[in-house]
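So the chains spell out like this:
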Amino acid sequence: MYLDEKIETMSRNELNTLQFDRLKKALNAASQTRYYNKFFSDKKIDVSKIKTLEHIKDLPFTTKHDLRLSYPDGMVAVPASDIVRIHASSGTTGKSTVIYYTQKDIDHWANQIARAMYATGTRKEDVFQNMMGYGLFTGGLGLHYGAEKLGCTVIPSATGNSLRQIQLLQDFNTTVIHITPSYALHLVEVIKENGINPHDLSLKKAYFGAEPYSQATTEKLENLWGIDAYNSYGLSEMNGPGVAMDCIHKKGMHVVEDSYIVEIINPNTGEQLPDGEEGELVITHINREAMPIIRYRTRDLTRIIPEPCECGRTHRRIERIKGRSDDMIIVGGVNVFPSQIESVLMNIPEIGNNYVIIIDRENGLDRMHIQVELYSKLFQGDIKALKRLNKDIVEKLRAIIVINPRVEFMEPGSLPASEGKAKRVIDNRII
Amino acid sequence: MPHQVSVFAENKPGKLNRVTEILGKNNINIRAITISDTGDYGIIKLLLDKPAEGNEYLQNAGIASTLVSIVAIIIDDTPGSLHKATSILSSKNVNVEDAYGFTIRGEDRAVFVFQVKDVHATEKILKDAGFTIISDNELYYL
């Protein structure tokens, strides 16, 4: 039933004591870092005044902006020689958000994922095919280590190359996959096109993560594949995947509360909201040596489910992510801010200031296409020059946002003007 | 050397309408018109009686348009005439990027207009081969 019964079913009182104890340690460690030291003193925060768990609301928020300002290592709380790994996500200015791990942090992370996978019924006998990106992105390696810890046979197939994925699924009798819902939609179609009935595969379950999707999509995918699908939530700032995951009941994602303190706030006022109310998720990492992060504003909207879960775990659940409190869009599992795209477009003289980002889902894959206006005074009257310009813009965008958009030239004046609240993103995906 | 006006146009209904309306209203005559289409967008190429003026009217209306140098020669309106010109260009390794033509009212002659990388060099090649190169002012009033 439980991989670590003591931790997973401890009473709320015991859990509160554990959380407070770890919060104090995290605050002390954070205070020693270059960034938080200044941050706390600028904001006149005395961490010794935090006497109960409730006092956490008196601490300032950490934002993605703070992480960028601390680049590359302003928030690192251990000697450089103790660091065994870094992960990173792309940033607006070219600067990434970098996360550091000690060996103990990697072990904790693997343990919490092993626990969560166990809670969905995955066992050491399972064959786990990990169709998430490996590399600086946390999605691949996160579940990889967790599944190994659990003793599964891990196939690190990573993303793409659908025919090879299918061959692996068949030849090694894969029972569990980790995949983005959009790729799952695509892959199941390729499976059928190849004359294979997905229900005939050995596959039993899938972990979905890295992008928002609806209950309807989950159910559709469960039916198409003939599997049980479990939601997984995470973000690189909080290690990566495994912050919260569905248990076997699939009625909300249990937060790993021995490692994270979660709060829901009103995104406009910053005020804490009671359990059950919807708002922005704020997370404090209380179980990471290398990089404690205090009250991180995830910008993800959800609510805490206050009722106990029938599985018996005492760690509270959050609902699937409803959306964002900022304008971040997730395309094919990659986080993109319109401001990143804008910063590229604004530096290309041949195009004007107005643009529209359109996201579609074709055959299960996310496609981004960006409409830009040609700047009339720099038009060269030449198709070859336009094609060169198009290629140049696509390459510059890809360098910043990682994905490959299609750029469409529009006549000057045909897009909504940049003043006021122009709608810059049109998301046609049904999630 | 003569000029055509090249106009950027999205591939959608009404793309010509705006251009022809502005030119007509301002009393600019269109001598020839052609559209190069890439699928996503097109470039409308216009031979106007007053190209500089026409271009300005279009630009002032916020349209992406520009003057492009072209080569224009007179050929006989008979079978094989165009071939004489193109074979010279080909023998001198001149790549014709875009071309169109029109006949002259009441005459058995035609005008062949084309875009090349080096307008001056191409004009010289054709002139040396005995072709009549049309100058700026001549072209628009033929």
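Keep in mind the model is a prediction, meaning the values are calculated, not measured.

**Side note on the overall build of chain B**
Counting its secondary structure elements, chain B contains five helices and eight strands. Its C-alpha atoms give chain B a radius of gyration of 16 Å, within 12% of the compact-globule value 14 Å for 142 residues. Reported as C-alpha extents along the three principal axes, the dimensions of chain B are approximately 40 × 35 × 25 Å. Put simply, chain B has 142 residues, and 32% of those count as buried. When contacts within chain B are restricted to residue pairs at least 6 apart in sequence, those whose partners lie at least 24 apart make up 66%.

**Re the interface of chain A and chain B**
Interface size, as often reported, equals the accessible area lost upon joining of the parts. Each partner contributes to the interface: chain A provides 13 residues, whereas chain B provides 16 residues. When residues in the side of chain A that touches chain B are grouped by element, the largest group, three residues, is from strand S20 (residues 406-410) of chain A. Looking at the side of chain A that touches chain B residue by residue, the class counts come to six nonpolar, five polar and two charged.

**Considering the domain arrangement of chain A**
Residue and element names in this part refer to chain A. When its domains are assigned, chain A resolves into domain 1 (5-325) and domain 2 (334-427). Just the C-alpha atoms count here: the centres of domain 1 and domain 2 sit 32 Å apart. In terms of residues, the side of domain 1 that touches domain 2 owes the most to one element, helix H8 (residues 181-193), which gives four residues.

**Here we look at the nonpolar core**
Formed by 82 residues in total, the largest nonpolar core has its most connected members in Ala184, Ala206, Val243 and Tyr260 of chain A. The greatest single-element share of this core, amounting to eight residues, is contributed by helix H5 (residues 103-119) of chain A. Once residues within four sequence positions are removed from consideration, alanine 206 of chain A is found in contact with Ile177, Ile179, Ala184, Trp225, Ile227 and Ala229 of chain A. In this structure, Ile329, Met368 and Leu389 of chain A together with Leu58 of chain B belong to the second largest nonpolar core, which totals 55 residues.

**Things to note about the packing of helix H7 (residues 162-171) of chain A against H8 of chain A**
Residue and element names in this part refer to chain A. Between H7 and H8, the shortest axis-to-axis distance is 10 Å and the interhelical angle comes to 75 degrees. Accordingly, the angle class assigned to the pair H7 and H8 is roughly perpendicular. Taken together, the residues of H8 that come into contact with H7 (itself represented by Ser162, Gln165 and Ile166) are Leu187, Val190 and Ile191. Taken together, the residues of the contact of H7 with H8 break down into four nonpolar, two polar and no charged.

**Side note on the sheet that holds strand S2 (residues 30-37) of chain B**
Residues and elements named next belong to chain B. What the four strands build is an open sheet, ordered S2-S3-S1-S4; its pairing is antiparallel. Each edge of the sheet is formed by a strand with only one pairing partner; in this case those strands are S2 and strand S4 (65-69). Between one strand axis and the next, the sheet turns through 25 degrees on average, direction left out of account. One ladder, built from seven bridges, connects S2 with strand S3 (residues 41-48); its direction is antiparallel. Residue pairing for S3: isoleucine 30 is matched across the bridge by leucine 48.

**Focus on the confidence of the model for chain B**
In the predicted model, chain B carries a mean pLDDT of 89, and the fraction of residues at 70 or more is 99%. As scored by the predictor, the complex reaches a pTM of 0.75 and an ipTM of 0.81.

**Structural notes on the pairing of strand S7 (residues 109-115) of chain B**
Residues and elements named next belong to chain B. Across the seven residues of S7, five count as buried, placing the element largely inside the fold. Inspection of the sheet shows strand S5 (residues 71-76) paired to S7 by six bridges, in the antiparallel sense. Across the sheet, the residue bridging to alanine 72 is valine 113, located in S7. One ladder, built from six bridges, connects strand S6 (residues 98-103) with S7; its direction is antiparallel. Following the sheet pairing, threonine 103 is matched in S7 by alanine 110.

**Let's talk about the pairing of strand S5 (residues 176-179) of chain A**
On any regular strand, side chains alternate: one points to one face of the sheet, the next to the other face. Residues and elements named next belong to chain A. The alternating pattern of S5 places Val176 and His178 on one face and Ile177 and Ile179 on the opposite face, and all of these are buried. Relative to S5, strand S3 (residues 127-130) runs parallel, the two sharing three bridges. Looking across to S5, one finds that phenylalanine 128 is bridged to valine 176. Note that S5 and strand S6 (residues 205-208) share four bridges and pair parallel. Note that in S6 the partner of valine 176 across the bridge is lysine 205. Taking the sense of rotation as the criterion, the β-α-β connection linking S5, H8 and S6 turns out right-handed.

**A short note on the sheet that holds S20 of chain A**
Residue and element names in this part refer to chain A. Ordered by their spatial adjacency, four strands build an open sheet running S20-S19-S18-S21, and the pairing between neighbours is mixed. Here the strands that pair on one side only, and so sit at the sheet edges, are S20 and strand S21 (425-427). Here the average twist between neighbouring strands, direction ignored, is 20 degrees. Across five bridges, strand S19 (residues 365-374) lies against S20 in parallel orientation. When the bridges of S20 are listed, isoleucine 370 appears paired with valine 407. Against the sheet, helix H10 (residues 338-345) makes contact with strand S18 (351-362), S19 and S21, and its axis sits at roughly 140 degrees relative to S18, the strand it touches most.

**Focus: the domain arrangement of chain B**
Residue and element names in this part refer to chain B. Segmenting chain B into domains produces domain 1 (3-69) and domain 2 (71-140). For domain 1 and domain 2, the distance between their C-alpha centroids amounts to 22 Å. The partner domain 2 presents seven residues to the nine residues of domain 1 that form the contact. Of all the secondary-structure elements, those providing two or more residues to the side of domain 1 that touches domain 2 are S2, S3 and S4. Sort the elements by how many residues they give to the side of domain 1 that touches domain 2 and S2 lands first, with four residues. Of the residues that constitute the side of domain 1 that touches domain 2, the class distribution is four nonpolar, three polar and two charged.

The rules behind the values
Residues numbered from 1 in each chain as written. Chains lettered and ligands numbered in written order. Predicted model: local features only at pLDDT ≥ 70, side-chain atom pairs only at ≥ 80, totals over all residues. Helix = DSSP H or I, 4+ residues; strand = E, 2+ residues; numbered from the N terminus. Rg over C-alpha atoms; globule rule 2.2 N^0.38 Å. Buried ≥ 20, exposed ≤ 12 C-beta atoms within 10 Å, placed from the backbone. Contact = placed C-beta atoms within 7 Å. Nonpolar A, V, L, I, M, F, W, Y, C, P; charged D, E, K, R; others polar. Domains from an automatic or database assignment. Core = buried A, V, L, I, M, F, W, Y, C linked by C-beta atoms within 7 Å. Axes fitted to C-alpha atoms, helices over the stretch in contact; angles between N-to-C directions. Parallel < 35°, antiparallel > 145°, perpendicular 65-115°, else oblique. Pairing = 2+ DSSP bridges. pLDDT = per-residue confidence, 0-100. Right-handed = clockwise from strand over helix to strand, strands pointing away.

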